[in-house]
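Now for the letters of each chain:
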Amino acid sequence: MLVRELELHNFRNYESLKANFKEGLNYIYGENACGKTNILEAIYFLSLTRSFRTNDLVELIKKDADFARILAKISDENSIKILEITFSEKGKKILLNNKKVSKISELNSLINVISFIPRNTNLLKDSPKERRKFLNIYLSKLSNKYLKTLSIYEKILKERNDAFKAYKINYTLIDILTNQLVELNKEIFLYRKKFIAHINDFLSDVYKNVSIKEEKLIMKYESFINVEGTIEKFIKEEFQKVREEELKKKQTLIGVHKDDFKLFLDDRDVGLYGSQGENRISVISLILSLYFLNKDQQPIIVLDDVLSELDEKHEENLLKYLENFSQIFITNTAKSQFFNKNYYRLEDKKLKEE
C-alpha cells in the first residue's frame, strides 16, 4: 500500500497542507522546526490512529482549532482508497471511501506504517518497558489476534492485582485469574518468540547493508519462561513458587508484562557496550527488518532525521539501501550528495516538489 496524496487540516502547525508522493524514497528537507516531523507523524497516524510522539490527541490539533483532519489517497496494485480521519478532544471519526470504520483493527489490515524517530536511538538503553512497548506495537500491526490477546491479558492482570489488594482476599478468584493468566502468558510468549525468530531471519543482512561492519546482529528475547516443552506446566509452577510473596506484596510478580529483548553484535550487548553510532545503526536495522515480516502487506516506512549523526559512508549505504523499499519517507535539514530525486522542500508550511 502506498500513500499517493496527503492533506492536513489543523494538524500540528498546519492550517492546510496538500502533497502528492511517489513510490520509493520521498526525501523531505527544510530547516529545523519547520514541520517536517509533523508530516511523517500524520502518515504514521493513518495506521493505528496514534502518534509516535504523544498519546494526547489534543496536542495534534492546531492551536485555537476545534478539530484536525488527515485525508489520504492510498493505493495498491488493484485499488485506490480514500482514508479520512477527523478528531477532536471528543474523539475520532474514521471514514474509508466515505464509509465509517468502527474498529482500528480494520485500519491495521489496510495500511501499515513503521517509524524511526531520533529518540529510538536510545531504545536499547531505555527501560524494558520501552522495549516491550516496541514489541507490542509492531506485533499488533502484524496480528489483530495478538492485539486482542494482549488487551485481555492487561485486563486480567489488573483484576488479579486488584484481587490481591482487596480487604478480604478471595483465593478462589485469584486461582481463576491465575489460570487465565497462565494461558495468556503462553500465547503472548509464543507470539513474541516467533516474531523475534522471524526478525532474525533478516536482521543481520539488513545490518550489513546499512553498516560498514561484518558483525552479526541478533535479537534475543528475555522472558521468565525458559523452557521449550511443556510451557503451560512451567508457568503454573512458576506462579506457585511466588504465590506467598505475591500475597505479601499484593501484586503479580511474574509474567510477560516484565519481559525484555536485547540486540547483540556477535556476543556484545549493543545497549550496554555499543557506541552511540552502533546503537543508532542497530535500531535502524531493526526497524527496517520489520519491512520483510509480512509479504502480503509491505509497510510504509517513515524515518525522521535518520541521517543525522551518520558519517558519509553510513549515509551513502543507508540511502542506497532505502531505494529497494516500496515507499519510504525521510526528513533532513538539507539534500544529500548520495541521492538525486524525489526531493520535497518544506518552507513557510508549503511542501514543494523539486
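Notes on the structure in this doc start here. (Residues numbered from 1 in each chain as written. Predicted model: local features only at pLDDT ≥ 70, side-chain atom pairs only at ≥ 80, totals over all residues. Heavy atoms only, no water.)

Checked against the element boundaries, Ser211 lands in the loop between helix H6 (203–210) and strand E9 (217–222). Of the polar contacts made by the side chain of Ser211, one reaches the backbone nitrogen of Lys213; its length is 3.1 Å. Not counting chain neighbours up to four residues away, the residues in contact with Ser211 comprise Ile281, His314 and Asn317. (Helix = DSSP H or I, 4+ residues; strand = E, 2+ residues; numbered from the N terminus. Polar contact = N/O pair within 3.5 Å; in protein donor to acceptor, adjacent residues only side chain to side chain. Contact = heavy atoms within 4.5 Å.)

Right, let's talk about the pattern of salt bridges for a bit. Enumeration according to the criterion identifies 25 salt bridges in this entry. Between Glu41 and Arg53 there is a salt bridge, and its shortest N-O distance comes to 2.6 Å. Taken together, the residues span a long stretch of sequence, with Glu41 in helix H1 (residues 36–48) and Arg53 in the loop between H1 and strand E4 (68–75) at a distance of twelve residues. Between Lys155 and Glu159 there is a salt bridge whose closest N-O contact spans 2.8 Å. Of the two residues, Lys155 and Glu159 both sit in helix H4 (residues 144–165), four residues apart, roughly one turn of that helix. In the salt-bridge network here, residues are joined through shared partners; they are Lys213, Glu215, Arg268 and Glu278. (Salt bridge = Lys/Arg side-chain N within 4 Å of Asp/Glu carboxyl O.)

Each pair of packed helices can be summarised by the angle the axes make with each other and by the distance between the axes. H4 packs onto helix H3 (residues 128–142) with a crossing angle of 130° between their chain directions and a minimal axis gap of 5 Å. Classed by the angle they form, the pair H3 and H4 counts as oblique. Residues Asn136, Leu139, Ser140 and Leu142 of H3 pack against Asn144, Tyr146, Leu147 and Leu150 of H4. In terms of residue class, the contact of H3 with H4 is made up of five nonpolar, three polar and no charged. (Axes fitted to C-alpha atoms, helices over the stretch in contact; angles between N-to-C directions. Parallel < 35°, antiparallel > 145°, perpendicular 65-115°, else oblique. Nonpolar A, V, L, I, M, F, W, Y, C, P; charged D, E, K, R; others polar.)

Time to look at the nonpolar core. If you look at the biggest cluster of nonpolar residues, it comprises 115 residues, and the most contacted ones within it are Val3, Phe21, Ile39, Phe87, Leu288, Leu322 and Ile330. The element best represented in this core is helix H5 (residues 171–200), accounting for ten residues. Those residues within four positions of Leu288 in sequence are excluded, and the remaining contacts are Val206, Val210, Ile301, Leu318, Tyr321, Leu322 and Phe325. (Core = buried A, V, L, I, M, F, W, Y, C linked by side-chain atoms within 4.5 Å. Buried < 20%, exposed > 50% of the residue type's maximum accessible area, 1.4 Å probe, protein only.)

On to the environment of Leu318. Mapped onto the secondary structure, Leu318 falls in helix H11 (residues 312–322). Its relative accessible area of 0% is what places Leu318 among the buried residues. Each C-alpha atom of the pair Leu318 and Ile301 lies 13 Å from the other, and the pair is 17 residues apart in sequence.

To continue, consider the packing of H5 against helix H7 (residues 231–241). At a minimum axis distance of 9 Å, the contact between H5 and H7 shows a crossing angle of 130°. Classified by the angle their axes make, H5 and H7 are oblique. For the pair H5 and H7, the crossing hand works out as right-handed. Contact with H5, carried on its side by Thr178, Leu181, Val182, Glu183, Asn185, Lys186, Phe189 and Leu190, involves Ile231, Glu232, Ile235, Lys236 and Phe239 of H7 and no other residues of that element. A breakdown of the residues in the contact of H5 with H7 according to their chemical character gives seven nonpolar, two polar and four charged. (Left-handed = near helix turned anticlockwise from the far one by under 90°.)

Right, let's talk about the pairing of strand E14 (residues 343–347) for a bit. Pairing analysis gives three bridges linking strand E3 (residues 24–29) to E14, with the strands arranged parallel. The residue bridging Tyr27 from the neighbouring strand is Tyr343, located in E14. Here four bridges tie E14 to strand E15 (residues 350–353), and the two strands are oriented antiparallel to one another. Within E15, the position partnered with Arg345 by the bridge is Lys352. Turn length for the E14-E15 hairpin, with the two strands adjacent in sequence and antiparallel, is two residues, and the turn residue Asp348 shows positive phi of about 55°. (Pairing = 2+ DSSP bridges.)

On to the packing of aromatic side chains, then. Counted by the stated rule, this structure contains 18 aromatic pairs. Among the aromatic residues, those joined into a ring-pair cluster are Phe202, Tyr291, Phe292, Tyr321 and Phe325. Note that Lys141 overlies the ring of Tyr44, its terminal NZ or CZ placed 4.9 Å from the centroid. Its end group placed over the ring of Tyr343, Lys335 keeps NZ or CZ at 5.1 Å from the ring centre. (Phe/Tyr/Trp six-rings, centres within 6.5 Å; stacked < 30°, edge-to-face > 60°. Lys NZ or Arg CZ within 6 Å of the ring centre and 35° of its normal.)

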